[in-house]
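Analysis of the macromolecular model
Next come the chains, spelled out residue by residue.
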2 protein chains.
Amino acid sequence: MNPIQVGLLGIGTVGSGVFNVLKRNQAEIKRRAGRGIEITMVADLDTARAEAVVGRNAKVVKDAREIIANPDIDIVIELIGGYGIARQLVMEAIAQGKHVITANKALLAVHGTEIFAAAHAKGVMVAFEAAVAGGIPIIKSLREGLTANRIEWIAGIINGTTNFILSEMRDKGLDFDVVLKEAQRLGYAEADPTFDIEGVDAAHKATIMSAIAFGVPVQFDKAYVEGITKLSSQDIEYAEQLGYRIKLLGITKRTAQGIELRVHPTLVPCKRLIANVEGAMNAVVVQGDAVGTTLYYGKGAGSEPTASAVIADLVDVTRLHTVDAAHRVPHLAFQPDAMSEEAILPMSEVVTSYYLRLRVADQAGVLAKVASLLANAGVSIDAMLQREASALGGKGATQTDLILLTHTVREGTMNEVIAQMQGLATVLAPIVRIRKEELA
Amino acid sequence: MNPIQVGLLGIGTVGSGVFNVLKRNQAEIKRRAGRGIEITMVADLDTARAEAVVGRNAKVVKDAREIIANPDIDIVIELIGGYGIARQLVMEAIAQGKHVITANKALLAVHGTEIFAAAHAKGVMVAFEAAVAGGIPIIKSLREGLTANRIEWIAGIINGTTNFILSEMRDKGLDFDVVLKEAQRLGYAEADPTFDIEGVDAAHKATIMSAIAFGVPVQFDKAYVEGITKLSSQDIEYAEQLGYRIKLLGITKRTAQGIELRVHPTLVPCKRLIANVEGAMNAVVVQGDAVGTTLYYGKGAGSEPTASAVIADLVDVTRLHTVDAAHRVPHLAFQPDAMSEEAILPMSEVVTSYYLRLRVADQAGVLAKVASLLANAGVSIDAMLQREASALGGKGATQTDLILLTHTVREGTMNEVIAQMQGLATVLAPIVRIRKEELA
């Protein structure tokens, strides 16, 4: 089957990410989607920039309508942003029977009702995973993963810029203005940061989640929006003393009186997982009546994290557009004829780092022997701790615990060194070995 | 359209949850799925127990094959567990052209290849969101939400029993045997806890995630499995002193040599979000080349959390089985003709709690006035903090900060009280008001 042809409108930060990730992971994405996916046309006013990204792999045009008019294009990705031309182009693409993928939260939060109605009437899909919380599949989780539930509330850190600023204000005790400048210098805040710091961006996203959670139309004009510009580092410190952290949350909640939809700085108990989401990361907590509390965490912005969401939508649309229902999503994610024969490694071939505890005689030279066995095997030591062992059988005073953290090494090698150390007369008990992962 | 008819095999803890949640949220689930979903037949050896749950709402039979033979049943839910009869019934249901939903990780980790091949050949779906991490939509996230990515590794707390035991061992400094007994008493561990504490259950789940992440067949026999039975509280304490927490992780990782698939106690840096997942909760970290790190957190077991996943699969299958592709998943989760008109509340009607900071004159009677204004409006105080204000314009010595946390109150009421307090001569600066949410 020929690859499905995609047209990309706007190739800035996110667009470049989409193009590059799609190219880099081409083979693996095809194995999942059951069909190749190719961006064959790109529209951007800056054609030179566009050509620098796509090379000869796609046709670059200045006029987006050339893409919309092309009958070979099945899917249009809108990454222009804003309510103006983006809205017109999305509506025209739908009218032409194209499936549309967009990361444009402002457009959907304000004009979603019109857009979804047009798409429904025309029988095309409008997919927008990238519009909320970047790479985190929160739209899919809400729309498909939690369908059993009566959603009770959603609360999310859904703007990375403001979470970065709040984290810095707390860490360093600095004021808003100072940190904003630093964030701009580091690229975490835009030159005009108004939409972020005033909470508008978060409110766009909260509006979309509210609609999906409760089955109401998008109603951005009803959202209460308060940003972080007036927050002082003093209040952040007082809150901390009371056991709370201040986060800019997008909240939507079902109550007996109606639906709450609001964005504002919020005190959250420090012990909640979401209170510990720092820097530019995003996280969304969803409370459902059956599932209880679930949380989704990841990067909410940036070129490739956002591209991850756009391409997930591409695969979704391709699977639906191309394959019959029962075979839409392969059982094991990859198409049955595209499974890999890559081997599962035996444990001895696994490379990891280790925690080792040796109960040793409390006498000179023990550490030297242990260390030299490790060194001979090429195992280097990351950290060491020596502790008086709890008295055992009256011999406590003459024993001690030697605790080592190693750097990474093959498990097979580690097994050999442990056997050698175990053979030392000064090692008095079976050596405890627990593996360690940095997960970084 | 008539409701889609579902047969349930096995109505224990999870089965009851599925029946109850499906009934309780019937209307909302239908609004999402575009069609009613009804469990019309239930098979259980204990027919009395089954009848106690379903009443007259479903036909109870002893022989599961009566359900499989019924041409009106489109979907069969298998909640029997184990490799024996469950395997036979799943294969027979597939052969009869039924879609199958199962929570049976053991069955899929060991016999998945055979089952998925049969389903593929027959053109039916086998859905298994509930098999890994209970109510967390991790299968959907991996299989559909992260399809852009070359997955690098997955590490998960995917067994609640062992995470509960490890959390207790750490919190209370108790040994494994003691905590296991407590866990059994509280219902967090089964009478025969072998599969949990020896890591077998986690390895079943890791095996399934490994297949989905890397496009390899399920290969439980290749997994390295080590449980927590030999862990001492002493090592948990030493690890803590070194900045690490010990978690039973299911890990699968892509390396140049092959795929790692292993379950064992693991030291994780305390500052990682996953290290702070306590009690019986589950969490899975997924590292993708485009999206970076994402984390999914929630209840990994229990009647209704697991039911949440089973019913999400029911909705998925219903949407696919019933509706044309473009309209499969409604844009806003609910069908366009089933949107709600529930109103978004004005902010003045929102009920929440508050952090208030008042810069006041440092003199007798100020607190009394503030407190009485709050009391008159029915606002009760949760906590109070008084701090010397930083010297301002030379008047520092005569000013102080009064910080209050309130219990919940209508925002409109709070606005009125703030205006009243602001009118006091002893309140020297604009009152700071930040909302507070417990998110519990």
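All of these numbers come straight from a predicted model, not from anything done at the bench.

Glancing now at the sheet that holds strand β2 (residues 37-43) of chain A. All names here are of chain A. Reading across the sheet, the 6 strands line up as β3-β2-β1-β4-β5-β6 and stay open at both edges, with parallel pairing between neighbours. Two strands close off the open sheet at either side, each with one partner strand: β3 (59-61) and β6 (126-127). Pairing of strand β1 (residues 4-9) with β2 involves 6 bridges; the strand directions are parallel. What sits directly across from Gln5, in β2, is Glu38. Contacts from helix α13 (residues 303-322) reach β1, β2, β4 (75-78), β5 (99-102) and β6, with the element oriented near 165 degrees to β5.

The next point concerns the sheet that holds strand β1 (residues 4-9) of chain B. All names here are of chain B. Ordered by their spatial adjacency, 6 strands build an open sheet running β3-β2-β1-β4-β5-β6, and the pairing between neighbours is parallel. Looking at the sheet topology across the chains shown, the edges are occupied by β3 (59-61) and β6 (126-127). One ladder, built from 4 bridges, connects strand β4 (residues 75-78) with strand β5 (residues 99-102); its direction is parallel. The residue bridging Glu78 from the neighbouring strand is Thr102, located in β5. Against the sheet, helix α1 (residues 13-24) engages β1, β2 (37-43) and β4, with an angle of about 150 degrees to β2.

This part covers the packing of aromatic side chains. All names here are of chain B. Applying the stated criterion to the full structure yields 5 aromatic pairs over all chains. Arranged with centres 5.4 Å apart and planes meeting at 40 degrees, the rings of Phe116 and Phe128 form a pair that is tilted. Of the two residues, Phe116 is situated in helix α6 (residues 105-122) and Phe128 in the loop between β6 and α7 (138-145); the sequence distance between them amounts to 12 residues. Both residues of the pair, Phe116 and Phe128, count as buried.

On the side of chain B, 136 residues touch chain A, which itself brings 136 residues to the contact. Note on chain A versus chain B: buried area summed over both sides is about 11,800 Å², and carbon and sulfur give 58% of it. Of all residues in chain A, A:His331, A:Ile344 and A:Leu439 give up the largest surface area on contact with chain B, accounting jointly for 7% of the area buried on that side. Applying the counting rule to chain A against chain B returns 18 salt bridges. One salt bridge connects A:Arg150 with B:Glu28, and the closest N-O pair in it is separated by 3.7 Å. For the pair chain A and chain B, the interface holds 63 residue pairs in polar contact (both at pLDDT 80 or more).

Residue and element names in this part refer to chain B. Of note, the phi angle at Ala333 is positive, near 75 degrees, even though the residue is not glycine. By the element assignment, Ala333 lies in the loop between α13 (303-322) and β13 (351-361). What makes Ala333 buried here is its relative accessible area of 0%. Unlike most non-glycine residues, Leu439 shows phi in positive territory, near 50 degrees.

Moving on: the relation of the copies chain A and chain B. Its rotation angle being 180 degrees, the transformation that places chain A on chain B also includes 0.0 Å of axial translation and leaves an RMSD of 0.0 Å. What the rotation and shift describe, once combined, is the action of a two-fold rotation axis. Nearest to the rotation axis, the C-alpha of A:Tyr296 is located 2.4 Å from it, this being the minimum over chain A. The fraction of interface residues of chain A whose copies in chain B are also interface residues reaches 100%, indicating that both copies meet through the same surface.

Time to look at empty space enclosed by the protein. On inspection of all chains with the given rule, the structure shows 6 cavities of 30 Å³ or more. Its boundaries defined by the atoms lining it, the largest cavity holds a volume of some 210 Å³. Surrounding the largest cavity, 21 residues form its lining, B:Ala127, B:Arg143, B:Glu144, B:Asp313 and B:Asp316 being those nearest its centre. Those elements giving two or more residues to the lining of the largest cavity turn out to be α7 (138-145) of chain A together with β6, α7 and α13 of chain B. With 5 residues, α13(B) is the single largest residue contributor to the lining of the largest cavity. Looking at the lining of the largest cavity residue by residue, the class counts come to 11 nonpolar, 2 polar and 8 charged.

Another aspect to go through is the domain arrangement of chain A. Considered domain by domain, chain A is made up of domain 1 (4-132 + 304-338), domain 2 (138-299) and domain 3 (347-436). On a C-alpha basis, the centroid separation for the pair domain 1 of chain A and domain 3 of chain A is 55 Å.

What follows covers the pattern of salt bridges. Inspection of every chain in the model, using the stated rule, returns 66 salt bridges over all chains. One salt bridge in this structure joins A:Arg435 and B:Glu226, with 2.9 Å as the shortest N-O distance. Here A:Arg435 is found in strand β17 (residues 432-436), whereas its partner B:Glu226 is found in the loop between β8 (224-225) and α12 (233-241) on a different chain. In this structure, B:Glu92 and B:Arg65 form a salt bridge, with 2.7 Å as the shortest nitrogen-oxygen distance. Of the two residues, B:Glu92 sits in helix α5 (residues 85-95) while B:Arg65 sits in helix α4 (residues 64-69), which places them 27 residues apart along the sequence. Its relative accessible area of 28% is what places B:Glu92 among the partly exposed residues.

A word on helix α15 (residues 411-422) of chain B. Residues and elements named next belong to chain B. Look at α15: 16 Å from first C-alpha to last across 12 residues, which is about the 16 Å you get at 1.5 Å a residue. Within α15, burial applies to Glu411, Gly412, Thr413, Met414, Val417, Ile418 and Met421. Contacts made by the buried residues of α15 are with β13, α14 (366-376), β15 (399-406), β16 (409-410) and β17 (432-436).

Looking now at the packing of helix α2 (residues 26-33) of chain B against α13(B). Residues and elements named next belong to chain B. At their nearest, the axes of α2 and α13 sit 9 Å apart, and the two run at 40 degrees to each other. Between α2 and α13, the angle is such that the two are oblique. Considering the relative orientation of α2 and α13, their crossing is right-handed. Along its contact with α2, which presents Ile29, Arg32 and Ala33, the element α13 presents Ile311, Val315, Thr318 and Arg319. Partitioning the contact of α2 with α13 into residue classes produces 4 nonpolar, 1 polar and 2 charged.

All names here are of chain B. In terms of burial, β2 is largely enclosed, as 6 of its 7 residues are buried. Pairing of β2 with β3 involves 3 bridges; the strand directions are parallel. Bridge pairing in β3 links Val42 to Val60. Crossover β2 to β3 through helix α3 (residues 47-54) is right-handed.

Residue and element names in this part refer to chain A. Closest axis-to-axis distance for the helix α8 (residues 160-172)/helix α9 (residues 176-186) pair is 9 Å, and the angle between their directions is 125 degrees. In terms of orientation, α8 and α9 fall into the oblique class. For the element pair α8 and α9, the recorded crossing hand is right-handed. Facing Phe164, Ile165, Glu168, Met169 and Lys172 of α8, the residues of α9 in contact are Phe176, Val179, Leu180, Glu182, Ala183 and Leu186. Within the contact of α8 with α9, the residues separate by chemical class into 8 nonpolar, no polar and 3 charged.

Analysis parameters
- Residues numbered from 1 in each chain as written.
- Chains lettered and ligands numbered in written order.
- Predicted model: local features only at pLDDT ≥ 70, side-chain atom pairs only at ≥ 80, totals over all residues.
- Heavy atoms only, no water.
- Pairing = 2+ DSSP bridges.
- Helix = DSSP H or I, 4+ residues; strand = E, 2+ residues; numbered from the N terminus.
- Contact = heavy atoms within 4.5 Å.
- Axes fitted to C-alpha atoms, helices over the stretch in contact; angles between N-to-C directions.
- Phe/Tyr/Trp six-rings, centres within 6.5 Å; stacked < 30°, edge-to-face > 60°.
- Buried < 20%, exposed > 50% of the residue type's maximum accessible area, 1.4 Å probe, protein only.
- Buried area = accessible area lost by both parts, 1.4 Å probe.
- Salt bridge = Lys/Arg side-chain N within 4 Å of Asp/Glu carboxyl O.
- Polar contact = N/O pair within 3.5 Å; in protein donor to acceptor, adjacent residues only side chain to side chain.
- Least-squares fit on C-alpha atoms with pLDDT ≥ 70 in both.
- 1 Å grid on protein atoms, 1.4 Å probe; cavity = no way out; pocket = protein on both sides within 12 Å on 5 of 7 lines; lining within 4 Å.
- Points joined across faces, edges and corners; volume = space filled by probe spheres on them.
- Nonpolar A, V, L, I, M, F, W, Y, C, P; charged D, E, K, R; others polar.
- Domains from an automatic or database assignment.
- Expected span 1.5 Å × (residues − 1).
- Parallel < 35°, antiparallel > 145°, perpendicular 65-115°, else oblique.
- Left-handed = near helix turned anticlockwise from the far one by under 90°.
- Right-handed = clockwise from strand over helix to strand, strands pointing away.

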